[in-house]
Structure formats: C-alpha cells, structure tokens
6 protein chains.
Amino acid sequence: MTVARPSGRLPEQMREVGIQRGYTRHAEGSVLISFGETRVLCTASVENRVPGFLRGKGEGWVTAEYGMLPRSTHTRSDREASRGKQGGRTLEIQRLIGRALRACVDRNALGERTITLDCDVLQADGGTRTAAITGAYVALVDAVNWLKARNEIKRDPIHGAVAAVSVGIYRGVPVLDLDYPEDSDCDTDMNLVMNDGGGFIELQGTAEGHAFRRDELNDLLALGEKGIGELFAAQRAALAP
Amino acid sequence: MTVARPSGRLPEQMREVGIQRGYTRHAEGSVLISFGETRVLCTASVENRVPGFLRGKGEGWVTAEYGMLPRSTHTRSDREASRGKQGGRTLEIQRLIGRALRACVDRNALGERTITLDCDVLQADGGTRTAAITGAYVALVDAVNWLKARNEIKRDPIHGAVAAVSVGIYRGVPVLDLDYPEDSDCDTDMNLVMNDGGGFIELQGTAEGHAFRRDELNDLLALGEKGIGELFAAQRAALAP
Amino acid sequence: MTVARPSGRLPEQMREVGIQRGYTRHAEGSVLISFGETRVLCTASVENRVPGFLRGKGEGWVTAEYGMLPRSTHTRSDREASRGKQGGRTLEIQRLIGRALRACVDRNALGERTITLDCDVLQADGGTRTAAITGAYVALVDAVNWLKARNEIKRDPIHGAVAAVSVGIYRGVPVLDLDYPEDSDCDTDMNLVMNDGGGFIELQGTAEGHAFRRDELNDLLALGEKGIGELFAAQRAALAP
Amino acid sequence: MTVARPSGRLPEQMREVGIQRGYTRHAEGSVLISFGETRVLCTASVENRVPGFLRGKGEGWVTAEYGMLPRSTHTRSDREASRGKQGGRTLEIQRLIGRALRACVDRNALGERTITLDCDVLQADGGTRTAAITGAYVALVDAVNWLKARNEIKRDPIHGAVAAVSVGIYRGVPVLDLDYPEDSDCDTDMNLVMNDGGGFIELQGTAEGHAFRRDELNDLLALGEKGIGELFAAQRAALAP
Amino acid sequence: MTVARPSGRLPEQMREVGIQRGYTRHAEGSVLISFGETRVLCTASVENRVPGFLRGKGEGWVTAEYGMLPRSTHTRSDREASRGKQGGRTLEIQRLIGRALRACVDRNALGERTITLDCDVLQADGGTRTAAITGAYVALVDAVNWLKARNEIKRDPIHGAVAAVSVGIYRGVPVLDLDYPEDSDCDTDMNLVMNDGGGFIELQGTAEGHAFRRDELNDLLALGEKGIGELFAAQRAALAP
Amino acid sequence: MTVARPSGRLPEQMREVGIQRGYTRHAEGSVLISFGETRVLCTASVENRVPGFLRGKGEGWVTAEYGMLPRSTHTRSDREASRGKQGGRTLEIQRLIGRALRACVDRNALGERTITLDCDVLQADGGTRTAAITGAYVALVDAVNWLKARNEIKRDPIHGAVAAVSVGIYRGVPVLDLDYPEDSDCDTDMNLVMNDGGGFIELQGTAEGHAFRRDELNDLLALGEKGIGELFAAQRAALAP
C-alpha cells in the first residue's frame, strides 16, 4: 500500500539532515541542526555549579530548555516570555530533551558542573523535538571536548550517542520523520529516542485518530530504528575531525 | 527468573483496585479510585461552554486537570497554588489525561459543552496518572449518563472504554503496576493507555537506567495488556447497575 | 420566634460532626472532618526547619494552607494552581487557621521545627473554615504525639484545645453552624474560634444585610459557645485511646 | 487599674483625627485622613462600568484597593508591584474596606457604575485599615455628590455613615485606637466597623497573647462605640458645607 | 514665533517648583516635590546590605523604584500590584532614576549599604520622572546626612547635584517643562538629566510627530539647561540650613 | 587624539554590516542582520487585527518584541520565559524598536492590521538594539511589499527609511558603533535613531562615567549621522531588486 506524502518522500525516507557546528561563538557547543525545513539552534553552556539537590555530591547535571521563536511557525505564536510562562508543551519537550541527553552522560565523570542545552527553534516544520535532541547531542560533545581540552575533566563523561526521530501513521501508511503537513494530519505520532547500542531511551506514541495496534507499532519501531541509524551517521560525520 | 517485589506481589500481579462512584455529591461524576495505596479523586464537571477555538462549531470538549494534595506524598511537597504555577510534571500529566479521555469521545455527539476531569491525588504510592485515567473514565461515563437522563444529548458520545496502567523493569524483571518503591528504583518505566478494542492510545516509556530492548518492550506490552484487561473488568463492575 | 432552617435543624442544633483520624497514611497527622456534608481533609506535616525569621532562635512554627478542590463546590471553581495565584478568600482563611492553631502551641517546647496544617476541602456545604480549624487541631495533636513517641520533644507543646464554629442570623433568627443554603442567604455571619478554657481566640462577624446589634451579638456568642462545647467533646472522643 | 500608654493617652482617648478633602485633584473624591501619625490617602473613582457578574442588572458596585508605600513603615517593605503580587494582609484589608463601604450603599440607586476606593498609606503608625474605612467614607460621599451635581443619579445611594476604629487590651487594660507601639505589643486587637445607627458591620477580634473573655469583649465594644461616635462627628464636620 | 501654552506660561517658563523635606517621618530622607500640579513623594531608605553582585566588595548601591497611585492620573489606572507586574514604562522610569542618582554618588565612600529611592506619584500632570529625579536627589542628601550625623560614613559620597527637566516642541515652538496637556500633544519630548557642573547625565529625546533637527535639538538643550539651573537653585534653597 | 579600539577599527569606522532577507520562510518579512559579530533575526508578522484601543478606527498598528537567546551572550543568561517575566532592559528595548518603526509608517494607509516585529538576538556583541531597528526596517518593508503584492493595501504606508546606530566616548575618544568590549568600558553610550531625511527619531545618551558636554555631544551626533548614512545605503542595497 502506498500513499503520496505531501513532500513526495518515500515512507521510509528522512528529510535531508544538516548539522553545522560552531554556529554561534560564545557557547561551549553551538550547533544548527536542520531536518528539512525545521531548523533548531542547540547550544551547550558549561557552568561550574549544580542545582541545590546535587550540591556537594561530586556529581554533575545536564539539563535542557526549549523555545520557539514567535514566528518560527506558520502563524505567529505568543512569545512565552511576554505571556509570563512556558506552556505545557514547552515544559514537556524540555524535560524530554534533558532526560534523553542525561541517558548518555556519566554524571560523576562530569564533576560538579552543569551543562545546559538550549534548543531554540528558528524555523518549525515538524519534528522540532527530535531535531533538538539529535543536535543537542553534538553540542554536548563539543562542550565536553572543550572541558577536556582545558583539562578540566579526567575521563570522558559521554558514553555512546543519542538521537531521536519521529514516526507516524499517515493516511494508513507508516512513515518516517513527519513534517508539519503530515504531523497535523496523522493518526498516530510517535517519538523515539535511542542510543547507538540499539536501546530505547524514550518512546512516546500518541494515537490522534484511531488507536494503533501491535503490528503497526512494530512497523513504526522498525522505521524509527532505520532513521536513527542515519542520524547517528550524520552526527559522526559532523563530529569527524 | 524471579525477583522479590517490595510488596511481595508476583511480577504480573496488579495491586487491588477499588472504584467508588458518587464519592462527592456536587460533581456530575465523582469517583474515588484506588490502586493499592494510591488514591485519586476524579470528578467530572459539565459546563455549557467550550474554549474559544471551538465556539460556534457544535463540538464539545473534554479536558483534564491534575493535582496532588501537598501531603499526599511521603514528604510534603509545595502547594502549586501557593508557588504560583503548576510544575512541568503536573502539566504533562494533565495533558496526557485529557488526550486519553478525548480518545473515546465523539465530540460532535457531546454538543457545545465541556466536561472537565479533575484528578486530585489524596494519597500517592506510584501510578497516580494511570489510576487517574482509569477513574476519570468512570466519572466521565457518570457525567454523560447525567446528561442523558436529562435528555440533553441525543446519542451517546462515548465509544468504548479507556484505561491505563504502568509497567516497568524492576531489578531486571518486567513487572506490572509499579508502586512507589518500585517506581523510584526501576530501570524502565512505561505508561500504557489502551481502549477496550485492544488499541493503543498512548505509550510512554522512559529508560531511567539502562536502555530497554525490543524483547523487553514486548514483555512490557504483554504485561500491560493483561493489567488493562483487569481494569476494564473493574470499570464494568463499578458501572454495572 | 421560629424560622424553618432549610435543613430542618433547630436554631441551636449543629450538623452531625465526624472526625476520622489516620485518613491518609503519609502525614504525621491526617484527619477527615465532616460538619454534615462539609468534608475537609486536614493533614499535619512535621519538618525540621523553620522560616527565616525564626532561624537559630530555638522556637518552632505552626502554619496552615487551605484549598478547595475545584469541584468541591456546587459549580466548578477555577483551580488556583492553574490560575497562578491563591485568591484573597483563600489567603484570609489560611492565615486564620494558622493564627488559631498557634494560639494553643508553646513554640519553645516545639523546638526548631515547623508543623504545616494543610486543610483541603473535598466537599463544601458551608463552614469549611470552622471545620478546618476543628479538624486541624486533631491532626496537630497526632503530629505532636508522633514527635513524643519518637522522643523528639521533651514537654508537650500543646496547651488546651481549639475549635471553631459559625453562627449567624438567618431570616431574623440566630442559628448555629450555618450550612451553604443559610450562609448564602443570611444577614450576619460570624466565625468564632475558642479555646477550651472559654476564651475567645478569634471572633469575626460580618453583616451581610442589616447591621447587627449588641443583643444579637450576645445571642450569637451564646450559640457559638454551646456549639464549640460540642466540638470539644467530639475532639476528645476522637482522640480517646 | 491604669497603665501608661506609650503615647501618654488615656485608655479611652483617641489620637487626633484629621480629614482633609480635595487632597488630590483628579479623583471624584480625594481625602487625606490622619489618625495621629497614621496618614492614608483615600480616593474615590467613578467609572461607568461594572464587573462581569453585575452586567446588565442595573446595579452598581463599590470596591476597594489598599496599599502601603514601601517606606510608609518603620523599615522599608518590598513594593508589592515589584514582588509581583499583593500579600495576604493586603488582600484581607481591601476586602474588608470594600465590604464595609458597600454596607451603606444602595447599589440600585447607584446604577451601573463602579466606585473604586483606593486607600494608600503614606505613613503608618497603627490603625491603617480603620483610618482607611473612615476616610474612604468621606471620599465616597464626595464622589456621590459629584454624580448628583451632574444629575447622573436620581436618588442618594448612601444611607447612613460608616466608620471604623481599633480597640485592644494593652498590658491588661482595654484601650482605644491602638498606635503601632501598642499594636505590636498587645494581647488582643479588635477592629470594629459600625454604622451611625449603632449597628455593627464588621467585628474582627484576634487574641495575640491570652484569649479574651466575655467581660473584656464588652469593655472593648464600649470603648469602640465611643471612638466611632467621635469619628462620625469628625466626618460630619469635614463634610459640612 | 509664539504659541499659546495651555497654561499661559512663556516658552521658557517652568512651573512653580516646591520642595518639602521631612514629608513623612520614617524614611531617612523624605521629600514631597511638586512641579506645578505634579506631586511626587520621594523617600530615601538606608539598608545595611547590598545586592548579591556587590557583596564583599566594600561598595554601596543606589537604586530606585517608581510607582503611580492608581488615581494620580486623570482616569484611574490599574494598580500594578494587583495586575501582578510593573509595566514597561514603570521599569524604564525607575531604571532611569537609579542611573541618574548613581551618577553623583561615590559608591566606595558609601560603604556596603543600599539607599533605595522610592518615587511615588501622588498626582500626575506631566514631568513625573523629572520631578522624581530632582526630588530624589534631595532625599538622598538627607539620607546621607543622617548617616554622617551617626558617624557611619567618613567622607561624603555625594559629589555635585543632579536634577532633571523635560523640554519639547509644542505646536512648533520649543518649550520648557511640559505639563500633561502639552505632553500629550507635542511633536518632540525630551528629558534631560544634568549635573551642576554643566554635564549631561542622560538625554532622552523622542519624536512623537515629525522628526526633530539639529537646530531644534540645540534650542531644546538651551531651554533645558536654563530650567535645570533653576532646579539646582530650588534644591539648594530647600537644603539650606 | 587617538586611542586603540579593541577591534583595531578607526573611531569613525562601523563594523561590517550584513543584511540577509528571507532568512526564515514563514514570516512575511524575515531578515538576519549583522553588525560585525552581533546577529539579530528580525521577522515581520502581519495579522488582521489591532489592539483594543484601535479597534474600529481604520488604523493599523506596528509593534515590536525583543529577546536574547540565553547563550547569545558571553555567559549564559536566564531564559526570560522560564523566569516568568521580561526584564526591564528587554521591555525598554522593545518599546524603543516599536516607536522607531512607527515613525515611518502611515497607520491609516496600513489599515486595520498589526505588523509585529520580533527581534531575536542570536549572537550579541554590542549594539543589538540598533541592529534590531535597522534590520526590522527591512523586514517591515518586505511585509508591506507582501501586502501590496496581494493587493491588500492601496497606498504605501511607509514613508522614508529608519536606521539606528550607537556612538560613545571610549577612553576619551568619540567612536562609532560600539562593540561589546567598548560598550562595557565606555564613559558615554548613545543610541541614535534617524530617518533618511536627516531628522532624529530617538536620541538616548547615558553617561556611565563622567558626564558629557555639549561639544562631545556634537561630535557624537556627527559620528552617528555618518554611520546611519552607511546603514541607509546597506538597507537600500539589500532591498534593491
């Protein structure tokens, strides 16, 4: 069974992925990642302090914040700073990004410092959270390399890699890496976060229309694994010397 | 392979489930649900108005709010009303409850009215969000029956049933319906929301420790399906005339 | 002169009072109190810290927070946590509860710890603040007994008992313990907080309709003293071994 | 029995009362009231709109807001606008002022307009809320006279007068009109709001130290009635043509 | 070229300036300043602490807060404390006042203490920020004299004087010290802050209508210098022994 | 007299200016402007509604919002959305941008629509507000051209051009277009907004160290006029077909 994706992509085809390191100059890691027309700026900032609940334990912390520029979207959204609070979707996404990245960090090896991953969407076309996780990983590696180059840490706190992709059922067909036209018109939307050992870190599936079944889930997971494999390759290429 | 669960339960054993309808008197639906020591009061309130984005469309809305009483937990938590905002976890849970319940409602049949499901945790011992979804479904049915008894709606807007349960990998063993001691010490925690046609509505899995693999996922889904089957039976028994 | 109270009660007749200790399991004191259909969950939480203005003085603190579940009332009220602030009525009531309970506590004997009384209204039918004070006293005693059982305090910080009741002038007749139909339609509404030595701790009277006179005040105080006497008996019975 | 009041006043002696009308020029009523060193600016503002719950009912509304300038007090207090919320004491006082003034207004005669009484404390020395109520009454009369002079209302919506005073037990002796040194060191503090027909509108007594008894209450009420009588005379003198 | 100013003043004529020291009693400096009908209460409060970024550096801090009483204006404005935040205009003005006053203070000579200048507008008729700066300077001098009288500081931290005035182009004519009718109907509005050595501290000009030219700017600066000279004389007279 | 600028620039030399139109795809106008290392994304969004105070008047509105990405700066700043409010500096800057752009717009010709200029700093190195104004002008022109291309407006609402630059006195020498090392270490900092007819729209000068004098002001204005001339050329080049 086939269906025309609005973009003309094949069901198992990802959008073009771009990873540009050093996009801005102040952050210890700064990556502009693009999944097609979705563009997210991911910066990693190192600070020599940890949240209160970790103080004095010799452990570090990795956390994330997420935001969309007001006109990154088709119609302008309110600026959250001006509204006076972050919405539920924003908080949910930044909690997800933080959990995903902590999954590849040995916080004892990091020492009592915090790395904050700021993921700001410059342009949105679906998949901003998966692009953010995938790009934030590269920014995190750069920040850790910055620490290593200054001899501030002894052993590498990063084990493995982390990447994320969305999959969904669009007009009855499982497809990989939903763009906005698909995302706003699909039956099931699932975000996968995996490590490069093939393990699942997060798996969040939502049936927007009809509930999905085990066999559909299996198809989606297979697509996702394929896509994440390509993302690991893109991360490695971007980080290659 | 076996492991001692702190409660002495078998891996595939749920806690005792209690569903008490009519727990408070003002709400159109009011259910106290317990999963063991977890107790959540779920009320359904009917109001003859809809949010702005639905006004004049002839459609209804179902939404949820979630809260924990400050001392529902082992140590006292700050009161969110006093802190001046709901935390990210709260927003995430109430968005989940709302999506889950909307999945079984025909909003055109509901007409231009809103049903708000307030899920307030009186006592927490793990699994508050899954208990909330399972109990809110019963409160929702009571509220819809109240509307039907008053001839305010013509056809039943509820199709099927919705219930939720958590599963996880505790000390290497997949277990069903995590209580707090398990939840705070497990490798993987997954929440399943399903309908009684066997379809998945939500599936949210998080690896807290090691990433989980496909076969573990399969085991978890099987456990969850079993537990949710028992919850549907409990809902039906509670709703029986 | 007589008047039919909506409930059929005599003017000097209180609603049935229920006091259930150990209603939830985590708090050091946990009491469900009911005045007729009004039901308030009062928990006492012990913490080994005091507010900044008391630090290092060897004195303890007793404070209260109050909330209504959104559908404890006839029509649903906004959730204060979601609105982002506690209303004036809420703040006023929780300040009153705190002052009332501090009136029976020797804060030096308590030592540098805080007892927080959370009073959450599960179902409202008038008199929530007086029920809260009366129930919070029992929860406070349980929390102090918990401290004594663990030998954390040497001498009993509680002197005497505290209880509260409302009185009012309903259709020209002074009545005891107003329920919601009376409260929303009375000329004068007064809340009395007393200790079991017969002294007044708080006295707050408001003329909603015509201003009240000295002789009416005297009648109201007499009714209130009678009701509070019954509440002290109910507290003693609940606390009896 | 006698006690030296810090000010040298007799127990039944009020501070000097000053009422200056037309203190500022824009408000329809603008009164600077002083009770000794306590100085409160009370303005009455007329607006041709009512809150949502009164719209279309032909009734008016009277409400109050209260604030203290940051350095009206002995040590500087945080500015509530800068802290981002009004404290519980502020909300409690402004609710009291609003109720007190509504007690002398026929809201049907006022028509669909709102009179807002802003009571801003320029200098605090105890009794700010009683001065505010007493001064706001004069500002309210001026605003109503402004409406009458423009023929905007047909019949006078004000019936009788309203004034307020504090009484307390200072070192065992009932005294009238507590100043700050007495207020911060007294056993019982009571605020009385009365109308000029001798009726009580509000009565709020708090035992800070030992609980007060019926005979003490009677002494306090007698003192308060005396003081309020003097305040009515001062209001009449200020309003005399 | 001439134009009738609404007040009948000449283009180069300031409003009458009044400076009343000791207007309230608690603050270390307390000044009521009036520029015609504009009246601002400026208090200076001394506290023995500094903001975090200065702690331990031996330096002091001078800061300002600004507010308008709700009915200081022609129509009532919302109370910022009740709205829950200070508006942009308020923040902009209080930042300006703080910078202006810091320009004449040697913060090392002040030592580790903060002087807060609260500028509260009792009545507004244009020029509230310039009146606030001019009055706050006098309050600041009084607070510093209070410190000197108690031998808390060794050398005078104040060098020179600071004052401010507005100028503008009203109906084509440069005029000095705009009142509200002029301010709300002018083409260009400029606020000047100067020291008594003839230097500019702040210069903020805004073209509301047509953009202004160099020669107009020169005219405005000349007018401003004249007005500020008169304000320095008024400050000196007010501070004279 | 000469001084080494940290960048090696001559006193009257601007940084390289880059203006890239169409930087993002959803906004009606989208410009990335750079002044050296300072990079600001300026989007113009058209909406067919106006603020309440303009409704029904046939007039349009132009407004601006400003934000800095948390790691656009040397050290990470708090995210304003997360802190729950925009700081005073942010509000001040966005008010300035809005006023500056409204100065070149005929709001009647615009019709009842709002153009919002979002200026988000991707990388900060001094002069973000002047870059924002200069870039927002180009985005505004693009948005107006978009409206014209759709025949939604009849006559061009834009008259002339607007640009902004900073000037300052750095180590005694007047210099043009301050970068961050100069900005954080200069005596006087001034922002100029001008139109291409040579008129001043805004002029904001602040003496950080010593107060500046008339002759210094004249030097600064001359430098600023030169720089703004170059900016108009850059805008014209960017907008050329």
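Residues numbered from 1 in each chain as written. Chains lettered and ligands numbered in written order. Predicted model: local features only at pLDDT ≥ 70, side-chain atom pairs only at ≥ 80, totals over all residues. Heavy atoms only, no water.

Under an unreviewed UniProt entry, the name given to chain A is Ribonuclease PH, and the organism recorded is Pseudoxanthomonas sacheonensis. Reading the Catalytic activity (unreviewed entry) entry of the UniProt record for chain A gives the comment "tRNA(n+1) + phosphate = tRNA(n) + a ribonucleoside 5'-diphosphate". According to the UniProt record, the Sequence similarities (unreviewed entry) comment for chain A is "Belongs to the RNase PH family." (UniProt positions renumbered as here; feature names shortened; annotations may be inferred.)

Caption draft 1: Quick peek at the environment of L203(F). Along the chain, L203(F) turns up in strand β9 (residues 200-207). Residues L203(F) and M190(F) lie 13 residues apart in sequence; the distance between their C-alpha atoms is 7.1 Å. In this view, L203(F) contacts L203(E), Q204(E), G205(E), F212(E), L217(E), M190(F), N191(F), L192(F) and L221(F); residues no more than four positions away in its chain are not counted. (Helix = DSSP H or I, 4+ residues; strand = E, 2+ residues; numbered from the N terminus. Contact = heavy atoms within 4.5 Å.)

Caption draft 2: The arrangement of the arrangement of the chains in detail. Where chain A comes nearest to chain D, the C-alpha atoms are still 11 Å apart, and the two do not contact one another. Separated without contact, chain B and chain E have their nearest C-alpha atoms at a distance of 11 Å.

Caption draft 3: Broad picture of the relation of the copies chain F and chain A. Once turned by 180° and shifted 0.0 Å along the axis, chain F lies on chain A with an RMSD of 0.0 Å. Expressed as a symmetry operation, the mapping of one chain copy onto the other fits a two-fold axis. When C-alpha positions in chain F are compared against the rotation axis, the closest is assigned to A81(F), at 1.8 Å. In this assembly, 100% of the residues forming the interface of chain F have copies in chain A that are likewise at the interface, indicating an isologous arrangement. (Least-squares fit on C-alpha atoms with pLDDT ≥ 70 in both.)

Caption draft 4: Local environment of the UniProt feature "domain: Exoribonuclease phosphorolytic" (unreviewed entry) in chain A. Residues and elements named next belong to chain A. According to UniProt, the "domain: Exoribonuclease phosphorolytic" (unreviewed entry) feature falls on residues 13-143 and 161-226. Secondary structure content for residues 13-143 is 30% helix and 31% strand, while the C-alpha to C-alpha distance between its ends is 31 Å. Secondary structure across residues 161-226 divides into 26% helix and 44% strand, with the first and last C-alpha atoms of the span separated by 15 Å.

Caption draft 5: A look at the environment of R129(D). Residues and elements named next belong to chain D. With respect to the element layout, R129 can be found in helix α4 (residues 128-149). Put simply, R129 and N191 are 62 residues apart on the chain and 8.6 Å apart in space, counted from C-alpha to C-alpha. Ignoring sequence-local partners within four residues, the contact set of R129 consists of R89, I93, L96, N191 and Q204.

Caption draft 6: Broad picture of the pairing of strand β2 (residues 29-35) of chain D. All names here are of chain D. Across the 7 residues of β2, 7 count as buried, placing the element largely inside the fold. The alternating pattern of β2 places G29, V31, I33 and F35 and S30, L32 and S34 on opposite faces, both of which are buried. Relative to β2, strand β1 (residues 17-21) runs antiparallel, the two being bridged by 5 bridges. The partner of Q20 across the bridge, within β2, is L32. Here β2 runs beside strand β3 (residues 38-47); their pairing, made up of 7 bridges, is antiparallel. Along β3, the bridge assignment pairs F35 with T38. Linking two consecutive strands that pair antiparallel, namely β2 and β3, is a turn of 2 residues; a positive phi of about 60° is found at G36 within it. (Buried < 20%, exposed > 50% of the residue type's maximum accessible area, 1.4 Å probe, protein only. Pairing = 2+ DSSP bridges.)

Caption draft 7: Focus on the packing of aromatic side chains. What the rule picks out here adds up to 12 aromatic pairs over all chains. Look at F53(F) and W61(F): their rings are 5.2 Å apart centre to centre, the planes differ by 85°, and that puts the pair in the edge-to-face class. The class of W61(F) is buried, set by a relative accessible area of 15%. Geometry around Y23(B) places R39(C) over its ring, the cationic atom sitting 4.9 Å from the centre. (Phe/Tyr/Trp six-rings, centres within 6.5 Å; stacked < 30°, edge-to-face > 60°. Lys NZ or Arg CZ within 6 Å of the ring centre and 35° of its normal.)

Caption draft 8: Geometry of the UniProt feature "binding site: phosphate" (unreviewed entry) in chain A. Residues and elements named next belong to chain A. If you check UniProt for "binding site: phosphate" (unreviewed entry), the listed places come out as R89, G127, T128 and R129 in our numbering. In sequence the annotated residues extend across 41 residues, while in space they remain close, none of their C-alpha pairs exceeding 13.4 Å. Here R89 lies in helix α2 (residues 88-102). A residue is classified by how much of its surface remains accessible, and R89, at 31% relative accessible area, is partly exposed. In this structure the side chain of R89 is engaged in a polar contact, spanning 3.2 Å, whose partner is the side chain of Y66. (Polar contact = N/O pair within 3.5 Å; in protein donor to acceptor, adjacent residues only side chain to side chain.)

Caption draft 9: Examining the packing of helix α4 (residues 128-149) of chain E against helix α6 (residues 214-239) of chain E more closely. All names here are of chain E. Where α4 contacts α6, the axes come no closer than 10 Å and their chain directions differ by 30°. Comparing their axes, α6 and α4 come out roughly parallel. Crossing angle aside, the handedness with which α4 passes α6 is right-handed. Contacts between α4 and α6 involve T134, Y137, V138, V141 and D142 from the first element and L231, Q235 and L239 from the second. In terms of residue class, the contact of α4 with α6 is built from 5 nonpolar, 2 polar and 1 charged. (Axes fitted to C-alpha atoms, helices over the stretch in contact; angles between N-to-C directions. Parallel < 35°, antiparallel > 145°, perpendicular 65-115°, else oblique. Left-handed = near helix turned anticlockwise from the far one by under 90°. Nonpolar A, V, L, I, M, F, W, Y, C, P; charged D, E, K, R; others polar.)

Caption draft 10: Quick peek at the interface of chain F and chain A. With 38 residues of chain F in contact, the opposing surface of chain A contributes 38 residues. Between R79(A) and D118(F) there is a salt bridge; the shortest N-O distance is 2.7 Å. Contributions of two or more residues to the side of chain F that touches chain A are made by β3 (38-47), β4 (61-68), α1 (80-83) and β5 (114-123) of chain F. Among the elements that take part in the side of chain F that touches chain A, β3(F) stands out by supplying 7 residues, more than any other. Here the residues of the side of chain F that touches chain A sort into 12 nonpolar, 13 polar and 13 charged. (Salt bridge = Lys/Arg side-chain N within 4 Å of Asp/Glu carboxyl O.)

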